[in-house]
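Here's the letter readout for the chains.
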Amino acid sequence: MAYEHIVVREGTIATITMNRPERRNALSLAMMTELMAALRALAAQPQTRAVIVAGNGPAFSAGHDLRELVGQDIATYRRIFDVCTQLMTTVQEIPQPVIARVHGIATAAGCQLVASCDLAVAAAEARFATPGVSIGLFCTTPMVALTRAVGRKRAMEMLLTGVAVDAPTAMEWGLVNRVVPASQLEEAAQLLADQIVQASPLTVQIGKQAFYAQIDLDQPKAYAYAKEVMSMNALAADAQEGMCAFVEKRKPSWTGK
């Protein structure tokens, strides 16, 4: 598929690069649609084991394209935020782990995208913010992902003040996993992806799906769900192979079954 606003590099570790540098990778309706299409296409490729999402130019993403939000009717606004919600949901629904590789700024829906990704690596100079409050449009949809990543009080501080937090603070708060010098950003994201693809792809898929299914359940329901998933997982050929390989002190050979 040909894309206008993103660049997709396929492979065992695929990369989707947002490519509107002149607009700081603002999430236009067209680009969000392309991001969803690319994620779903990669989801259908068993050879793809992890996906890195990055931005071209000076920023990861500055959020929604405000030029699309001025003077519209309610149907248009609902369409834009519906597509945005579908995009964030798709990130977590595809079987492969999705890693945000963040440089520059990640603001509003750009920050939401980072929070929605399964993992995130940031350059030391990266900044994160939900500044909608300062332009009269509260970051209500980014709030959903942000709150689940950093917790209530920290999310409310970002949402109510609009003040950016730096990368070390973002890591401390749980918005990103690692912070590295900008010169090491690509290498660090690749290393994280490399570590993931050493495991059975089936096991990773089961684990990612189970993580999001149980996270908002109360503890008894979460355990009831998790023990059934783990029991079924234990029957898989890859689980049997992995346990036998550990006992026999050899490297496992995964089949994805």
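Scroll up to find the structure this text is about.
Residues numbered from 1 in each chain as written. Predicted model: local features only at pLDDT ≥ 70, side-chain atom pairs only at ≥ 80, totals over all residues. Heavy atoms only, no water.

Caption draft 1: Just the nonpolar core, in detail. In this structure, Phe60, Val102, Val114, Phe128 and Leu175 are the most contacted members of the largest nonpolar core, which totals 51 residues. Core analysis: the next-biggest nonpolar cluster, separate from the first, contains 14 residues, Ala123, Val180, Leu185 and Ala188 among them. (Core = buried A, V, L, I, M, F, W, Y, C linked by side-chain atoms within 4.5 Å. Buried < 20%, exposed > 50% of the residue type's maximum accessible area, 1.4 Å probe, protein only.)

Caption draft 2: The packing of aromatic side chains, seen in detail. Using the criterion set out here, one finds 1 aromatic pair in the structure. Arranged with centres 5.1 Å apart and planes meeting at 90 degrees, the rings of phenylalanine 211 and tyrosine 212 form a pair that is edge-to-face. The class for phenylalanine 211 is partly exposed, based on a relative accessible area of 43%. With a relative accessible area of 25%, tyrosine 212 lands in the partly exposed category. (Phe/Tyr/Trp six-rings, centres within 6.5 Å; stacked < 30°, edge-to-face > 60°.)

Caption draft 3: Representation of helix 1 (residues 29-43). Between the first and last C-alpha of helix 1 there are 21 Å, a value that for 15 residues agrees with the 21 Å anticipated at 1.5 Å per step. Of all the residues in helix 1, the buried ones are Met31, Met32, Glu34, Leu35, Met36, Ala38, Leu39 and Leu42. Tucked into the core, helix 1 has its buried residues touching strand 1 (6-9), strand 2 (13-18), strand 3 (50-55), helix 2 (74-93) and strand 4 (98-102). (Helix = DSSP H or I, 4+ residues; strand = E, 2+ residues; numbered from the N terminus. Expected span 1.5 Å × (residues − 1). Contact = heavy atoms within 4.5 Å.)

Caption draft 4: Seen up close, a nonpolar patch on the surface. On the surface, Val133, Phe138, Met156 and Leu160 cluster together into a nonpolar patch covering about 320 Å² of accessible area. Since its relative accessible area comes to 31%, valine 133 is described here as partly exposed. (Patch = residues over 30% accessible without salt bridge, like charges linked within 9 Å, V, L, I, M, F, W, Y side chains within 5 Å. Areas by Shrake-Rupley, 256 points an atom, 1.4 Å probe, with all protein chains shown as cover. Salt bridge = Lys/Arg side-chain N within 4 Å of Asp/Glu carboxyl O.)

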